[in-house]
Amino acid sequence: MNQLPLYQHPTMLFPGHPHSHRRYERGDFPVAEHAHAHTIKLPVWHREQDLEVAEQYVRAAIKISDHHKELQ
């Protein structure tokens, strides 16, 4: 996450923050970088009208799982 724009340019969200001059380099947080690179984040749906979108995500995940060798 340290490579995301918020962490590279925090003054956009936190102007005048005392640590806004710091830049995080690749490799500064190897465990967090590995976790971020190998984690899939899915939205959370909580409304009935979101059901179709949630089902589309499920269908896409099944399709990827069924064809993962072809995608490598």
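This text follows the structure it describes.
Here's what I pulled together on the structure shown here. (Residues numbered from 1 in each chain as written. Predicted model: local features only at pLDDT ≥ 70, side-chain atom pairs only at ≥ 80, totals over all residues. Heavy atoms only, no water.)

What follows is about the overall build of the chain. In terms of regular secondary structure, the chain is built from three helices and zero strands. What you see in the chain, going N to C, is helices and strands ordered as α-α-α. Relative to a compact globule of 72 residues, whose C-alpha radius of gyration would be 11 Å, the chain shows 18 Å and is clearly more extended. Seen along its three principal axes, the alpha-carbon backbone of the chain occupies a region of about 45 × 35 × 15 Å. The proportion of buried residues among the 72 residues of the chain is 10%. A fraction of 16% describes how many contacts in the chain between residues 6 or more apart in sequence connect residues 24 or more apart. Here the chain displays about 6,600 Å² of accessible surface, and carbon together with sulfur accounts for 62% of that area. Side-chain charges of the chain comprise 8 positive and 9 negative groups, with the mean position of each set lying 6 Å from the other. (Helix = DSSP H or I, 4+ residues; strand = E, 2+ residues; numbered from the N terminus. Rg over C-alpha atoms; globule rule 2.2 N^0.38 Å. Buried < 20%, exposed > 50% of the residue type's maximum accessible area, 1.4 Å probe, protein only. Contact = heavy atoms within 4.5 Å. Areas by Shrake-Rupley, 256 points an atom, 1.4 Å probe, with all protein chains shown as cover. Lys, Arg positive; Asp, Glu negative; His and termini not counted. Charge placed at Lys NZ, Arg CZ, Asp CG, Glu CD.)

There is a patch of nonpolar side chains on the surface, built from Leu4, Leu6, Tyr7, Leu13 and Phe14 and spanning about 430 Å² of accessible area. By the element assignment, Leu13 lies in the loop between α1 (5–8) and α2 (30–37). A relative accessible area of 53% means that Leu13 is categorised as exposed. (Patch = residues over 30% accessible without salt bridge, like charges linked within 9 Å, V, L, I, M, F, W, Y side chains within 5 Å. Salt bridge = Lys/Arg side-chain N within 4 Å of Asp/Glu carboxyl O.)

Here the focus is the environment of His36. Among the structural elements, His36 can be located in helix α2. Taking relative accessible area as the criterion, His36 reaches 42% and is therefore assigned partly exposed. Considered as a pair, His36 and Asn2 are 34 residues apart in the sequence and their alpha carbons are 9.6 Å apart.

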